[in-house]
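Here are the chains, one letter per residue:
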Amino acid sequence: MYYSVLCLWCFWMCIQFSTSQNVVNFKISEEQPAGILVGNIASEVNLNVSSEVSESLRYTYLEKNNFTALFILNNRTGSLVTASVIDREKICDKRYCVLSLNIAVRSTKTGLFNIVKVKVTVEDVNDNSPRFPDPVINFPISESAAINDKYPLPVAVDADTSSNFSIQSYEISPPSDIFGLIEGKRFDQSLYAELVLKKKLDREVQSFYQIFILAKDGGNPTQTGKLTLNIPIKDANDNQPIFSHQIYNVTLKETTAINTTVVKVTATDADSGDNGRVSYSISPGQTDKAVINSLFRIDSSSGNIYLLQKLVYEPGKIYEIFVDASDHGERPMISQAKVVIQVEDAGNNRPVIKINLLSAVMDGVQVSEASNIDGFVAHINVEDSDIGDNGKVTCSIKQDLSYNFFKVEKLDLVKGFKVVIKQRLDYESLKTHNVTVICHDFGNPPLSSSESFTVYVTDDNDNNPIFEKSLYVSKIEENNNIGYRILQVSATDRDSSINKQIQYFLQSDAGSKFAINSDSGVITARAVYNREKQESYKFHVIAVDKGDPPRTGTAVVLINIEDKNDNKPKFNETIFTFEVLENLEADTLVGQVYANDSDKGDNANIVYSIAAEDKFLVPFVVFPDGRIKTNRELDREQQSQYNFVVYATDKGTPSLNSTTYVTVYVIDANDNDPIIIFPNKRNNTISSSITSLPIATIQAYDRDEGINKRLNYYIQEGNANKLFIINVQSGEIFLNPSYHITSDMSTSLVICVKDSGNPTRSKCTQLNVIITINNSTLQTHQTSDTPNKYIIISIVVVIVTILVSVAIIGTIFFLRKMDQSRQKPKFQNNGPLGVPSMPNGYLPGLSCASSYSESETNSTGELMDKKKKEVSFSPSTNFDDKNMKNTFKEINLHLNPNASEVIILFIYLFIYLFIYLFITYLFI
């Protein structure tokens, strides 16, 4: 038994709590504000319940998950709204983002329970810009790279998962004739790019490039990510060492000491690193290499050639040394110079020169370009073992280019000479000076010798950065993207090294609306510009070098904001109201509508037009300049007001428009004659007796309006004797009370009606009037009497009828009471022949009564003298009616045939009829 009950209970519960699962799909775009309706579960799920049960349904989350906090569920209506802004990229990492929610639906009145699976698809919007792993990378390329060499670039990533918003293209900015891009797709459909070399590189011409790689997605507007590529050009050993002289001529005395520096050869290599490091050696192809090697030695680093043993003068004998300069590249490049050494007889010795360089570097000395004139450069020590004039020595600078910049002065206190600055050095004009000092004795012939050294002019920060232009003019379209590249400024500095390194800054007059890359000089937008608020911006940009102290240069930047068609035309008024007089010819100017557009150029040029749906409904034409004209004559009586819509459309691309409402009131012109309703051709005769009341009323109207429809009435003809008086405003015609009428008469009047317009318009008609003198009820043929008279007659007749009926009923009731009180004792006695006496004159169903005098109350069966009674009938009484006949039959059956009773009834009837006729006479 227990199990049977349990099974039945379970079966009943299954019926009551039948649980089914429905699936509801909603869609919503990401990044929408909180409170956006996602959907209504109640309207999407069909539970097949009554309206009463439907109102008791409650909606709750069956269980909470990571997504329930994103939505707010109304437990009564089933509406699902967003609780906060949904960022699809934060909650989904898949191409398709579907959020699943399990909603429990239950009834508070029944056992209904249901589970609804809600799937909310979050649709992607283009709210993320492409991003590179690193915004700035160094990307060295060798100058030996071949044309069309490819270099893979980092792949940009767009957090938006929709394929439409993924990376769609890469491009180089600014466009380059050196580098290009090749795009391709990988197996995962991601777009990659490779940098392609389009021209041969030369590090010695340009050692560094900076380009920008832009990754663009497919959104509208397009989002852009930027990668800065800093491309240093790696050196390739493509330059030979170059000697300062191809041939070095040297004269040595045979007495020259061993290990004396014979000459210093110098070669430079434009390459860098090992490719530019030069070593010197005697050429292995030297034919007399053994002899040369026994007499001379060359220092591989400095290029100094030393004497290894004493020389012996031999007439005509010279020594030729072929020196190789080789760099240290993987494939060394070699150049060659020749040193020609001539041995001089020592009979008169040449001066021996020794140059002392205080700040020696390599084969020379560094001198700042900021050094003053007469500044010290080098010390010259000269030895001449001869005596007399042969031992006296003087020195000078060889008359070449260096002669203009340097001079030799004899030291006062010590032995020797010094080389000083003769003219200001300029690093930017000439960076090195090969100075040759020549010293000669005063022998006969004089003998001379020379020594050379190199002066390396070091840079001083003495030049301001100079912009390529003093005024930069650029433009940008309003409603731009922040970060948009507007232009690039560039300045150069003639200084070198750190003194020529330039950074760019904006002056304070640029405000916060612009930014500049301090290294590249690229100016970008930091705000969204609105041309309608400001059409241009003018500010200063500063180039600052890194010298100490730094020097600056300034340029002016003018940025014009180009107009974008982002403003609709705006009408001066919401509703334009105009008035135009009717009956004017077509092409009459009604008025003009005006609108303003805050844009510029074609974007602000406005064309006006009438709405297409109104074009054929109203009699107006709207011209492009806003003028409104009629296209036909207007008739106010047909239509007094027109309403239509006017469009103002600018000429931008795409064009924008706005609308306004136009109301045109048609002003009345007095173009309609009064229309007379009465009298007319069919009804133009009236008959009247002499009365003070109006005998007729002229009825007319005018289709115009205002003062043009105000009517005045007058009698034009037929009233020469002034018999009639007409009310000018109401049109009522009266008989002149001062005119004495003695007999019936008739006359024909010409009645005219005129309006109050300017000019006035009038209409006339004929009225025939018949005047009768008699006592009968006035008859009138005036079919146009005012209906109010009949209403008054009816009301008065009804009131009089009610009053007379009440009086008759009251009188009868009073007489019946009197008669009953008088005849009461007689009901106790028998009348003649033993029949009980009845009150004389009492008949059931008849409203009448009899009264007797006191002297006759004791006389049973005798006729009593009747007092005069009054009988009243209602106004609806019809003496020909069958009911009246039945009434008289009842009177004949129940009323004693007494003449007084009949007379009283007829008196009442006569009184009522007289009152009725009298009232009718008065009003008619």
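For the chain, the name recorded in an unreviewed UniProt entry is Cadherin domain-containing protein, with Tegillarca granosa as its organism. One UniProt comment on the chain, placed under Subcellular location (unreviewed entry), says "Membrane".

**Side note on the state of the cysteines**
Following the criterion strictly, the structure yields three disulfides and no others. Across the disulfide from C395 sits C439; the S-S distance is 1.9 Å. Here the S-S torsion is close to 105°, and the disulfide linking C395 with C439 is therefore right-handed. With a gap of 44 residues between them, C395 in strand β29 (residues 393–397) and C439 in strand β32 (residues 432–441) connect regions that are remote in the sequence. Residue C395 is classed as buried on the basis of its relative accessible area of 9%. Given the relative accessible area of 0%, C439 is considered buried. In the chain, numbering the disulfide-bonded cysteines from first to last in sequence yields the connectivity 1-2, 3-4, 5-6.

**Some points on the packing of aromatic side chains**
The full count for this structure, using the stated rule, is 16 aromatic pairs. Pairing F576 with F578 gives two aromatic rings, centres 6.2 Å apart and planes at 15°, and the pair type is stacked. Accessibility expressed as a relative area gives 5% for F576, which makes it buried. Relative accessible area serves as the criterion here: at 12%, F578 is assigned to the buried category. Taken together through their ring pairs, the aromatic side chains of F514, Y529, Y537 and F539 make up a single cluster. Stacked on the ring of Y403, the Lys or Arg K422 has its end atom at 4.2 Å from the ring centre. When the ring centre of F623 is taken as origin, the NZ or CZ atom of K629, which lies over that ring, is 5.4 Å away.

**Comments concerning the environment of S452**
Inspection of the secondary structure puts S452 in strand β33 (residues 448–458). Taking the C-alpha atoms as reference points, S452 and G364, separated by 88 residues in sequence, lie 8.9 Å from one another. The contacts of S452, once residues within four sequence positions are left out, are I355, V435 and T436. A polar side-chain atom of S452 sits 2.8 Å from a polar atom in the side chain of T436.

**Here we look at the sheet that holds strand β12 (residues 179–185)**
Strand order in the open sheet formed by three strands is β10-β13-β12, with antiparallel pairing between adjacent strands. Both outer strands of the open sheet, β10 (150–152) and β12, are each paired with one neighbouring strand and no more. The sheet shows a mean angle of 30° between the axes of neighbouring strands, taken without regard to direction.

**Remarks on the environment of I516**
Its location among the elements puts I516 in strand β39 (residues 514–516). Spatially, the C-alpha atom of I516 lies 9.6 Å from that of R526, the residues being 10 residues apart in sequence. In contact with I516, not counting residues within four places along its chain, are V489, Y504, F505, L506, G521, V522, I523 and V541.

**Concerning a nonpolar patch on the surface**
A contiguous nonpolar patch, built from L581, L584, Y665 and I667 and spanning about 290 Å² of accessible area, is present on the exposed surface. With respect to the helices and strands, the residue Y665 is situated in strand β51 (residues 657–667).

**A few points about unusual backbone geometry**
The peptide bond linking N220 to P221 adopts the cis configuration, its omega dihedral lying at 5°. Considering the arrangement of structural elements, one finds P221 in the loop between β14 (208–217) and β15 (224–234). Omega for the bond connecting N758 with P759 falls within 30 degrees of zero, at 0°, which places this linkage in the cis form. In this structure, E31 is a non-glycine residue whose phi angle is positive, near 65°. Relative to the helices and strands, E31 resides in the loop between β1 (21–29) and β2 (37–40). In this model, S497 sits at a positive phi of 55°, which is unusual for a non-glycine residue. Note on placement: S497 falls in the loop between β37 (491–492) and β38 (502–506). Judged by relative accessible area, S497 falls into the exposed class, the value being 55%.

**A closer look at the pattern of salt bridges**
For the structure on display, the rule yields 21 salt bridges. Between E532 and R531 there is a salt bridge; the shortest N-O distance is 3.3 Å. Note on E532: relative accessible area 25%, which makes it partly exposed. Connected via shared salt-bridge partners are R531, E532, E535, D563 and K600.

**Side note on the side chain of E369**
Note that E369 resides in the loop between β27 (364–368) and β28 (376–383). For the buried residue E369, which engages in no salt bridge, the nearest side chain bearing the opposite charge is R494, 8.0 Å off.

**Structural notes on the sheet that holds strand β24 (residues 334–344)**
Strand order in this open sheet of four strands is β17-β24-β23-β20, and the pairing throughout is mixed. The sheet is open, and its two borders are formed by β17 (247–253) and β20 (279–282), each paired with just one other strand. Neighbour-to-neighbour, the strand axes of the sheet open up by a mean angle of 30°, direction not taken into account. The pairing of β17 with β24 spans seven bridges and is classified as parallel. When the sheet's bridge partners are listed, T251 is paired in β24 with Q342.

Calculation criteria
Residues numbered from 1 in each chain as written. Predicted model: local features only at pLDDT ≥ 70, side-chain atom pairs only at ≥ 80, totals over all residues. Heavy atoms only, no water. UniProt positions renumbered as here; feature names shortened; annotations may be inferred. Disulfide = S-S within 2.5 Å. Helix = DSSP H or I, 4+ residues; strand = E, 2+ residues; numbered from the N terminus. Buried < 20%, exposed > 50% of the residue type's maximum accessible area, 1.4 Å probe, protein only. Phe/Tyr/Trp six-rings, centres within 6.5 Å; stacked < 30°, edge-to-face > 60°. Lys NZ or Arg CZ within 6 Å of the ring centre and 35° of its normal. Contact = heavy atoms within 4.5 Å. Polar contact = N/O pair within 3.5 Å; in protein donor to acceptor, adjacent residues only side chain to side chain. Pairing = 2+ DSSP bridges. Axes fitted to C-alpha atoms, helices over the stretch in contact; angles between N-to-C directions. Patch = residues over 30% accessible without salt bridge, like charges linked within 9 Å, V, L, I, M, F, W, Y side chains within 5 Å. Areas by Shrake-Rupley, 256 points an atom, 1.4 Å probe, with all protein chains shown as cover. Salt bridge = Lys/Arg side-chain N within 4 Å of Asp/Glu carboxyl O. Lys, Arg positive; Asp, Glu negative; His and termini not counted.

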